[in-house]
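# Observations on the model geometry
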Amino acid sequence: MESRKQHWETVYETKTPDQVSWTQEKPEGSLKFIHDLGLDKDASIIDIGGGDSKLVDFLLADGYSDVTVLDISGKAIERAKKRLGMLADKVTWIESDINDFVPSRTFSIWHDRGAFHFLTSTEEQERYVKLVNSSVTDFLVIGTFSEDGPLKCSGLEIQQYSESSMVDQFRGFEKIKCENENHLTPFDTIQNFIFCSFKKLG
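Residues numbered from 1 in each chain as written. Predicted model: local features only at pLDDT ≥ 70, side-chain atom pairs only at ≥ 80, totals over all residues. Heavy atoms only, no water.

### Notes on the environment of Tyr128
Here Tyr128 is to be found in helix α5 (residues 122-135). For Tyr128, a relative accessible area of 1% gives the class buried. Sequence spacing of Tyr128 and Asp100 is 28 residues, and the spatial spacing of their C-alpha atoms is 9.9 Å. Residues within four places of Tyr128 in sequence aside, it is in contact with Ile48, Ile98, Trp110, Asp112, Phe116, Leu119, Ile142 and Phe170. Of the polar contacts made by the side chain of Tyr128, one reaches the side chain of Asp112; its length is 2.5 Å. (Helix = DSSP H or I, 4+ residues; strand = E, 2+ residues; numbered from the N terminus. Buried < 20%, exposed > 50% of the residue type's maximum accessible area, 1.4 Å probe, protein only. Contact = heavy atoms within 4.5 Å. Polar contact = N/O pair within 3.5 Å; in protein donor to acceptor, adjacent residues only side chain to side chain.)

### Regarding the packing of aromatic side chains
Using the criterion set out here, one finds nine aromatic pairs in the structure. Pairing Tyr128 with Phe170 gives two aromatic rings, centres 6.4 Å apart and planes at 70 degrees, and the pair type is edge-to-face. Taken together, the residues Tyr128 in helix α5 and Phe170 in the loop between α6 (163-169) and β8 (173-184) connect sequence positions 42 residues apart. Considered together, Tyr128 and Phe170 belong to a single accessibility category, that of buried residues. (Phe/Tyr/Trp six-rings, centres within 6.5 Å; stacked < 30°, edge-to-face > 60°.)

### Side note on helix α2 (residues 28-36)
Buried within α2 are the following residues: Gly29, Ser30, Leu31, Phe33 and Ile34. The first or second residue beyond α2 is Gly38, which carries a positive phi of 70 degrees.

### A closer look at the nonpolar core
Counting residues in hydrophobic clusters, the biggest one holds 26 residues, and the most contacted among them are Ile34, Val56, Leu59, Trp93 and Ile109. Among the secondary structure elements, those contributing two or more residues to this core are α2, α3 (55-61), β2 (66-71), α4 (74-84), β3 (91-95), β5 (136-145) and β9 (190-200). With four residues, α3 is the largest single contributor of residues to this core. Look past the residues within four positions of Ile109 in its chain and what remains in contact with it is Ile34, Leu37, Leu39, Ser44, Ile45, Ile46, Phe139 and Val141. (Core = buried A, V, L, I, M, F, W, Y, C linked by side-chain atoms within 4.5 Å.)

### Considering α4
Burial in α4 covers these residues: Gly74, Ala76, Ile77, Ala80 and Leu84. For α4, the arc enclosing every buried residue in end-on projection is 160 degrees, short of the 170-degree limit, so these residues lie on one face. Exposed residues pointing more than 90 degrees away from the buried face of α4 are listed as Glu78 and Lys82. The N-capping residue of α4, defined by a side-chain oxygen 3.2 Å from the backbone nitrogen of Lys75, is Ser73. (Arc of directions from axis to C-beta.)

Purely geometric stuff here, so don't read any function into it on its own.
And the structure:
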């Protein structure tokens, strides 16, 4: 059986950004949620499952100076580095399955658009939540497929979420806001996401 890592390496090796559903020319929803938190530009941000997303490009352009991108796929990271050129040196890159990730530091903002919903077992979800609780000092910004969204992505099963089930997962945090967002894919189809921001309790 193909491993999760093999799956994503193949995707990023064989498909261009306009051939995958999650591509955004500008990740406006993520950027708005992050900007609304009002943190200083030296706040530490980690983008989980960032792949070759352009979020990092816009964060650097906005002046954020402590950005980390984690992805399971080395090919995706290579693509992002190539696109950024010399700016890639300003980013910390981590090639890891989120299930195996052991952070060496904490982060002010944990951002995840579309990685958490691939964790379909209770064990994986609980480990992720525990990781967030121990690694985040201030805020969580997370987007997953909503109950009106797809049941699969890239051929893999996903877990849909509602506002209430998202809040229920992250009990170590207080909800700031949740919004549904329609993502227009490069194939002109609509995928509905639920995006939430949370503040760390305590």
